[in-house]
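# Observations on chain architecture
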Amino acid sequence: MADSSKGKEKKKTTDGATGGDAPKDWNPRIVGFLCNWCSYTGADLAGVSRLQYTPEFIPIRVMCSGSVDVAYILKAFLEGADGVLIGGCHLGDCHYLNGNYKARRRVAVVKEVMEGVGLDPRRLHLEWISASESGKFAKTVSTFDETLRQLGPNPLAKERLL
Amino acid sequence: MTSGVLVLGGGVAGIQAALDLADAGIQVYLVERSPSIGGNMIRLDKTFPTNDCSSCILSPRLVEAGRHPRIKLLTNSDLVSLEGDPGAFTALVRERPRYIDMNACVACGDCTIKCPVKVPSEFDEGLSKRKAVYIPFPQAVPLKYVIDPTVCLKITKDKCGLCEKACQANAVNYDLQPVDHKLDVGAVVVATGYKQIDTSLRPEYGHGRFKNVITGMEMERLLNASGPTGGKVHRPSDGTVPKRVAFIHCALSRDERRGAAHCSRVCCMYLVKEAMVAKEHHNEIEATMIHMDLRAYGKNYDSYLDRAKDGGIAFIRGRAAEVLEDGEGGLVVISEDEDGVPHRTPADMVVLGVALEAPDGAAELSEILGLGLDERGFIATAPEDPSGLRTVNPGVFLAGCIQGPKDVPDSVTMGSAAAAAAATMMVASRVVIEPDEVPVTDPNEEPKVGVFVCHCGSNIAGVVDCPSVAETARNLPGVTHAEENIYTCSQDSQVAIAETIKREGINRVVIAACSPSTHEPLFQETLRDAGLDPALIDMANIRNQCSWAHAEEHEAATEKSKDLVRASVARALLLEPLGGGTEEVPAKALVVGGGIAGMVAAMNLAPHVDVVLIERAEQLGGTVRKLSTTFPSGMNGATQMDMIAGMVEKAGVKVLLGTEILNIDGYVGNFKYTLRLPDGSETEDTTGIIILAIGSQPYEPVEGEFGRGGANVVTNLELEEDLVDPPKGRSYAFIQCVGSRNEERGCSRYCCQATLQQARELAEAGNEVTVLYRDIRAYSALGEAAYRAARQAGVVYVKYEPEHEPEVLEDGKKVRFRETIVGKTIEKSVDQVVLVVGLRPPEGLQELRGQVRVPGDQEGFFLERHPKLGPVETNTEGIYLAGTCQAPMAASEASLGAAAAAMKALGPLGRGWVATETKVSEINPDTCIGCNLCVTLCPYHAIDKDANNKAQSNPALCEGCGLCAASCPTQSISVRHFRDGQLRAQLHALVGGGSE
C-alpha cells in the first residue's frame, strides 16, 4: 500500500465531521488526479472491463503524479471535494524516471498540513495503479469511498472557506 | 507502390523492426497471421527482472505501429510467395477476410454482446471463453472486431446473423472474400516467433491428464489482473488457491530423447518470476523450483534469483522425471538430483516451463523463402554469421525467436539489428520525411468552443442522456456550437466535424466520448484537417470512465458527464496553440570505441551518413582480437577483426586510431566533442548522434585470489595465447565465475560458453580438462550442443557451491574442491589453473557518464533506456549504447546490439530532425529566486542557471513531466498545456460546480 498514513488509520476523525452528520442523499465527491501513463489508463481499462464504482469519482488527467502541486490538492478540498485520490505508476515504473517518488514525499507533507488545518489526512490517498490494474483501480476508489463515508462531508466545503 | 521492407510477424521483434525502419523513412509492410499484432509478449503478465507489466510497456508500441504513416499493417494475413532477387523481391500476401469492414467498425462491442457462440479464448490459453465475433484482447491493434469463420453460425450454417443486426455502424459483412496484396520489397525480416512444444511428448509430466498441471503461459494468464481469474491464482480443478506450487524447469527442454535438445533460454527466469508474482498475490503460496542449471545470464538476472531465494522460494536441483497423483487430490513431483538421490515434492499445482520450438508453419515459410531449417527446427542462419541475423538469402534476415528462443530484450535488439541490415539494402528507397506542418491558430482570437457529444452506439447513449449533456454544453459560456454524433470517431463524422469547425469558426474543440489515451491523436488529425492547431482540443471521457463504470446509474452518470463536459470546456477556453518544434540533426555520427561493437555500429551507419570511429588503441578489434577462437563460429579473433576492419574501411568510415575522447557536450543534433589525436594535439568537432561502444575490461583477480600470482595460474584471456597451438598431455582445471556472481556483481554472461570452446579444444588436443562450475549457462542457439560436445570430448564438469569455493594450492599445481556426488573433498594435481574472469566497466566510463548525462547501473555499466524495450538506447536522446559497455555479453551479441544501436540512431539521422516536446516548462525569470530546487529535481537535466543566477529550461531536453512546476516555491514555472490556470479551471468546474 502506497499510502503513508497507514499507521493513522485507527485514529478517530480529526476534522470533526462524521458520517452521521451527512445529509441522507450525500455521496462523497472524490477528485482523482491520475497520471497519464499508468493510473488513467488503468481507469480506462476498468471501464472496458465494466467494473463499477461511485459516479462521484471524477478524474483529472495529469502527466505525472509528481506534477500534482500541493496547491491543486488544497484547491480541490477548498472547492469542496470530500476526498482526493492521486494515482501514479508503481515505484520504479515512472514514465519520467522518479516523479512518483516526489509525489509520495509531497503527499506525506500535505497530510501533515491537513492535520494542522483540521482536515482528516485520510481524505488524501495515494495509490500506485498500473495501466493493467483495472481491478485495483476500481477497488481503490470503492475502498476510498467507504472511508470517506465514515468521515462524512468535508467540513471546509460546509463552511465555504474559499 | 513504393519499395519497402516486408516484416513477417507482429510480435515484439517484428514490431521493433517495423517501427525502426519506418522511423528512418523506409516503407514497411508488417504482416501478421492473427487478427492483432502483439505476439506472445502481450499475453505475459509481468516481465523479468523488473516485474514491469508486459502489456503496459508493449501496448504503446502496438498503437504506434498501427498508426505509423509508413507501416502498412496486414493482419489475418499470410505470405503466399516471394519472387525475385534481394533488393527487388515481389511478395504475394493474402489477407483472409475478417467479415467485418475495418473502415466501418468502431469497436463498440455491440456485436459481441449479441453473439451466441462461445469458444475457448486463444489469448487466455483456453482458460476463458470468447465469442465467434471478438477482439483478441482489449488493446488489440487494429482495434477492429473479427469473425472466426470456423465457429460463426451464420458462416458455417447460415443461421443467426445477430451481430449484423446489432451493428449500428453496418460493419458486418459475411460475404467478404480474401484479398491479395502484391508488394514490391527490397528486403525481408522474418520474426514469426515460437510456440510451446506439445506437452503430450512427455505424458509423465501430466499436462492434459491432471487438471492442476499447467503450462507457464497458462500461469501467466492466471496471474494477469485482466486474465480469466482477475489475477487470482486459482487452480483449475476446484478454483481454490493452491498452497504448494511446484515449478518444473526444462520441461521438454535440454531433452534429447523426446523433447527439444536445446535450451529454451527464458524458462528459468520466467518460472522464478511467476513464483514471485504468485507469492505477491497470495502470500500463503509455497513455491518450489525443480531445476537443472539456473540460467540467469542477463543483466540483473542473478540479483533477481537472489531476491527469489530471500523471498522464501525453495530451489531443488535436479531433473523432474514424473508428476503423480497423491491419491488425495494433490500431486507429487518425482525428481532426481545430481547425486542420484530421488526427491518427492508434494504440490497442489504444478507449472511446467515448457520448451519453446519453431512456430507452426515455420517449415512452409522457410520453403517459400528458400532458407531451410536448422537441426532444432528453427529457420537456419547463414553459417558464416554467428549472430544468427543473416540467412543464405542475402535479402532475408531473422529477428527474435524464429532463430531460436530468446527473451524480450534480445528479441528487441535483434529486431532493430535486422532492421539495420534491411536498411542497408534500402538506402535509395528511404524517403525524406518532412516534419508535419502545424496549422497556425492566433492565440488572441476570441475562443469559440465546439462540443461534440458521442453516443458510441448505445455504449454511452444507453446510460447517459446525451441530448441533455449536449443541451448543457450549449448553454456554457464560450460554447458556440454543440451537437451529438452516433459515432464521433467514424470516418464520415470526422469529415463532418472538420467542416463544422470551419463553417462555424470554432477554434476550441471538446469531444465528449471515450478516452484521450486512445482517441485524442485521431481527433487532433481532424483539427489539423480543419486548419486548427491540434493542441486546441480537450476530451471528456464520458465512456470508459463514466457510462461503462456506472452502467446502472443513469441519472448520476448523466450528471457526471455534464460535469466532465463543463470541466473540458473550462479548460478548452484557456488552451493555447502549441505549434510544433523541431531540432535539426546533421547527417553525422560519432562512434566511440573500435572493438567489434563499435566497428559493426559504424559499418551499419556508413551507407547512410558520415561516420567517425575513434579508437584509443593503435588497432581496431578490441578484446575479440585477442581470442584464438571465438564462440560459436570457431574463427580466429584477429582474423575476424581484420575482416570486419576491412569492411569498415570499405564502407567509408573515417577511422581515427590512437585517439581519445576528452569531452562531450550538447544534445541530439548538436553534440560537440573534443579529441586528443596521436600527436597530442586537441581537436573539436560536432555530430548529430553518438554511439558509445567503449567495451569493458576483464576482472583482474587480486593477488592470492584462487592462487592468482602463482606460476601456473592464468586467466582465460591469458590462456588464449596458448591455444593458437594447443599443447598435449597436460592437465587443466578451469574455475568459473571468478569476479562474477558475488555480492556486488551478477553473471558475466560470455564466460560459460567461451570456456566450453576452450575446454573442448584442449580436450580434443589430448589434454585432461576439469571445469569447476556453478551453473553451466549454455543458453545460446549452439550453446547446449557445444556443452554436449565438450562433455563428449572428455571434459569433466564438477559443480561447486559458493560456500565451498575451490582452493588453488602450490602455485597452481594442485586444486582442492568438494565433489558433491561423492560428498568428499578431493585434491587434484594439475599443470595449469585457468581462472575464468568476469567483465567490469572500462576505465573512463564514469567520466563519460557525466558528459552524456547517462546514469550508471548497479555494476557501473551504462544504464539503458529500458531493460526490456530499450536495451541500446539511453535516456539522453541521441546517445546510444553498443556492446559490453551496457552489460557483459558475448561478441556475437555485441555485434547484434551494435547493429541495433545504429538502427536506433538512423531514426533521427535518417529524418534529419527530431520533434521537440511542445508541452515543456517555462520559467519566469522575474519571479525566480534562483533557489536551485528545479535544477536538482529535473530528471532530464533540462534546467540550469543563466548568468543572472536564474533557472532556465532547455526545451530540447525537457520532457514535460511537470515536476519542476509542482515544486517551485515561487510558482515561477509552468508547463505549457498543463498550466496552473487550466487545472484550476477544471477543478472549479468539477467540484465548485461551475465555470470559473
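Attention in this report is confined to the structure presented alongside it. (Residues numbered from 1 in each chain as written. Chains lettered and ligands numbered in written order. Predicted model: local features only at pLDDT ≥ 70, side-chain atom pairs only at ≥ 80, totals over all residues. Heavy atoms only, no water.)

Now for the overall build of chain A. When helices and strands are counted, chain A shows 5 helices and 4 strands. In chain A, the succession of α and β elements from N to C terminus is β-α-β-α-β-α-β-α-α. In chain A, which comprises 162 residues, the share counted as buried stands at 60%. Counting only contacts in chain A whose residues sit at least 6 apart along the sequence, the fraction spanning at least 24 positions is 82%. With an accessible surface of roughly 6,300 Å², chain A has 54% of that area assigned to carbon and sulfur atoms. (Helix = DSSP H or I, 4+ residues; strand = E, 2+ residues; numbered from the N terminus. Buried < 20%, exposed > 50% of the residue type's maximum accessible area, 1.4 Å probe, protein only. Contact = heavy atoms within 4.5 Å. Areas by Shrake-Rupley, 256 points an atom, 1.4 Å probe, with all protein chains shown as cover.)

For the structure shown, the criterion picks out 1 disulfide over all chains. There is a disulfide in this structure between A:Cys38 and A:Cys89, and the S-S distance comes to 2.4 Å. With the S-S bond torsion at 100 degrees, the cross-link from A:Cys38 to A:Cys89 turns out right-handed. One end of the pair, A:Cys38, is in the loop between β1 (30–35) and α1 (39–48); the other, A:Cys89, is in the loop between β3 (83–88) and α3 (99–116), with 51 residues separating them in the sequence. For A:Cys38, a relative accessible area of 10% translates into the label buried. Distance from the sulfur of B:Cys108, which forms no disulfide, to the nearest cysteine sulfur (B:Cys456) is 5.7 Å. Among the cysteines around B:Cys250, which has no disulfide bond, B:Cys268 carries the closest sulfur, lying 5.7 Å off. (Disulfide = S-S within 2.5 Å.)

Residue and element names in this part refer to chain B. For the structure shown, the criterion picks out 10 aromatic pairs over all chains. On the basis of an interplanar angle of 80 degrees and a centroid distance of 5.2 Å, the ring pair of Phe48 and Tyr301 is categorised as edge-to-face. Placement of the pair is Phe48 in the loop between β3 (46–47) and β4 (52–53) and Tyr301 in helix α8 (residues 301–310), with a sequence separation of 253 residues. Residue classification places Phe48 among the buried positions, given a relative accessible area of 7%. (Phe/Tyr/Trp six-rings, centres within 6.5 Å; stacked < 30°, edge-to-face > 60°.)

Before going further, it helps to spend a moment on the side chain of B:Ser731. Mapping B:Ser731 onto the fold places it in strand β38 (residues 731–738). Beyond its immediate stretch of four places on either side in the chain, B:Ser731 contacts B:Glu768, B:Lys828, B:Ser829, B:Val830, B:Asp831 and B:Gln832.

All names here are of chain A. Most of α1 is tucked away, with 8 of its 10 residues classed as buried. What α1 keeps buried is the set Ser39, Tyr40, Gly42, Ala43, Asp44, Leu45, Ala46 and Gly47. A positive phi of about 55 degrees marks Arg50, the residue just after α1.

Residues and elements named next belong to chain A. The grouping of Val109, Val113 and Val117 at the surface amounts to a nonpolar patch, some 250 Å² of accessible area in total. Note on placement: Val117 falls in the loop between α3 and β4 (124–128). By relative accessible area, which is 54% here, Val117 ends up exposed. (Patch = residues over 30% accessible without salt bridge, like charges linked within 9 Å, V, L, I, M, F, W, Y side chains within 5 Å. Salt bridge = Lys/Arg side-chain N within 4 Å of Asp/Glu carboxyl O.)

This part is about the environment of B:Ala251. Turning to its location among the elements, B:Ala251 is positioned in strand β15 (residues 244–251). Judged by relative accessible area, which is 0%, B:Ala251 ranks as buried.

Bringing the pattern of salt bridges into the picture now. Enumeration over the complete set of coordinates arrives at 65 salt bridges over all chains. We note a salt bridge from A:Glu127 to A:Lys136, for which the minimum N-O separation is 3.6 Å. A salt bridge links B:Arg244 to B:Asp348; the nearest nitrogen and oxygen atoms lie 2.8 Å apart. Taken together, the residues span a long stretch of sequence, with B:Arg244 in strand β15 and B:Asp348 in the loop between β20 (342–347) and β21 (349–354) at a distance of 104 residues.

On to the nonpolar core, then. Residue and element names in this part refer to chain B. The biggest cluster of nonpolar side chains holds 134 residues, and the ones touching the most others in it are Leu6, Leu21, Val188, Val190, Leu369, Leu605 and Ile691. Per-element tally for this core: the top contributor is helix α22 (residues 891–911), with 11 residues. Leu605 has contacts with Ala589, Val611, Ile689, Ile691, Ala902, Ala905, Leu906 and Leu909, leaving out every residue within four places of it along the chain. (Core = buried A, V, L, I, M, F, W, Y, C linked by side-chain atoms within 4.5 Å.)

What follows concerns the interface of chain B and chain A. Across the boundary between the two partners, chain B contributes 48 residues, which contact 49 residues of chain A. Of the roughly 4,100 Å² buried where chain B meets chain A, counting both sides, 57% is carbon and sulfur surface. Put simply, chain B and chain A have 2 salt bridges between them. Across the pair A:Arg61 and B:Glu520 runs a salt bridge whose closest N-O atoms are separated by 3.5 Å. On the surface where chain B and chain A come into contact, there are 18 residue pairs in polar contact (both at pLDDT 80 or more). Those elements that place two or more of their residues in the side of chain B that touches chain A are β4, α2 (54–67), α13 (516–529), α14 (543–547), α15 (554–573), α24 (963–967) and α25 (980–992) of chain B. For the side of chain B that touches chain A, the element with the most residues is α25(B), which contributes 9 residues. (Buried area = accessible area lost by both parts, 1.4 Å probe. Polar contact = N/O pair within 3.5 Å; in protein donor to acceptor, adjacent residues only side chain to side chain.)

With that settled, consider the pairing of β38(B). Residues and elements named next belong to chain B. Counting buried residues along β38, 8 of its 8 residues qualify, which places the element largely inside the surrounding structure. Sheet topology note: the β38/strand β39 (residues 768–773) ladder contains 5 bridges and is parallel. Note on β39: the bridge partner recorded for Ile735 is Leu772. With respect to chirality, the unit in which β38 leads through helix α19 (residues 751–764) into the neighbouring parallel β39 is right-handed. Judged from the 5 bridges that link them, β38 and strand β44 (residues 832–837) form a sheet pairing that is parallel. (Pairing = 2+ DSSP bridges. Right-handed = clockwise from strand over helix to strand, strands pointing away.)

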